[in-house]
Amino acid sequence: VLDIILTMFPISAGIGAIAIIWAILVGVPLGCLAAYKRGTWVDSLLRVICTLGISMPGFVVATMLLHLLTGGIEGLKLFPTMFDGTAKSYVLPCLALGFYPMCYIARQSRAAMLDAINQEYIKTARAKGLKTGKIIFKHALRNALIPVITVIGIQFGNLLGVTTVLCE
């Protein structure tokens, strides 16, 4: 068993690392966008997607991606069905494993950004005449990332455990 674990762990760790990286790179901006567009259709759409992403089990997401993107049931034939070590074969496992953390990070980012945007120092920055982009990215995002980084650490630990179990 140790031989199997030692040969498969680098692949598992690679898939887990790529999944958490894309979850962070997509989740944080989506959360910021949802907070900035609060109350609009963009916010509502992102909240629905994130709620579905948190509610659906990973195997359901993986099955849907397989059917849609590998040619099953009239789907697109963009990716291989089985893992063969090529760059294309990493895409679907990383998307499937990173979807839940991405949704969770996006929800946490939205909540933290909404809290930061409603703080007094943001109102002061607006009163001083700073541009909206500078207020959001320099002032609000910096303080909103503190709880998001905590969630990212927890999600990384969970993802590493899941990929180790799945690939063995």
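Rules used throughout
- Residues numbered from 1 in each chain as written.
- Predicted model: local features only at pLDDT ≥ 70, side-chain atom pairs only at ≥ 80, totals over all residues.
- Heavy atoms only, no water.
- Helix = DSSP H or I, 4+ residues; strand = E, 2+ residues; numbered from the N terminus.
- Expected span 1.5 Å × (residues − 1).
- Buried < 20%, exposed > 50% of the residue type's maximum accessible area, 1.4 Å probe, protein only.
- Arc of directions from axis to C-beta.
- Core = buried A, V, L, I, M, F, W, Y, C linked by side-chain atoms within 4.5 Å.
- Salt bridge = Lys/Arg side-chain N within 4 Å of Asp/Glu carboxyl O.

Asker: Can you break down helix H2 (residues 41-55) residue by residue, with the values?
Answerer: Across its 15 residues, H2 extends 21 Å between first and last C-alpha, which sits within 8% of the 21 Å expected from 1.5 Å per residue. Restricting attention to buried positions, one finds in H2 the residues Val42, Asp43, Leu46, Cys50 and Gly53. Seen along its axis, H2 keeps its buried residues to an arc of 95 degrees; they face one direction. Seen from the open side of H2, the exposed residues pointing more than 90 degrees away from its buried face are Trp41 and Ser55.

Asker: Got a sec to walk through the nonpolar core? Specific residues and values, please.
Answerer: Residues Ile105 and Met113 are the most contacted members of the largest nonpolar core, which totals 38 residues. Elements supplying a minimum of two residues to this core: helix H1 (2-36), helix H3 (58-69), helix H4 (87-117), helix H5 (120-127) and helix H6 (132-167). No other element matches the 14 residues that H4 contributes to this core.

Asker: With reference to specific residues and values, describe the pattern of salt bridges.
Answerer: Scanning all chains against the criterion turns up 3 salt bridges. Here Asp43 makes a salt bridge to Arg110, at a shortest N to O gap of 2.8 Å. Linking Asp43 in helix H2 with Arg110 in helix H4, this pair joins segments that are 67 residues apart in sequence. With relative accessibility at 1%, the residue Asp43 sits in the buried group. The exposure class of Arg110 is buried, given its relative accessible area of 16%. Where Glu120 meets Lys123, a salt bridge forms, and the shortest distance between an N and an O atom there is 3.7 Å. Note that Glu120 and Lys123 are positioned in helix H5 at a spacing of 3 residues, about one turn of the helix.

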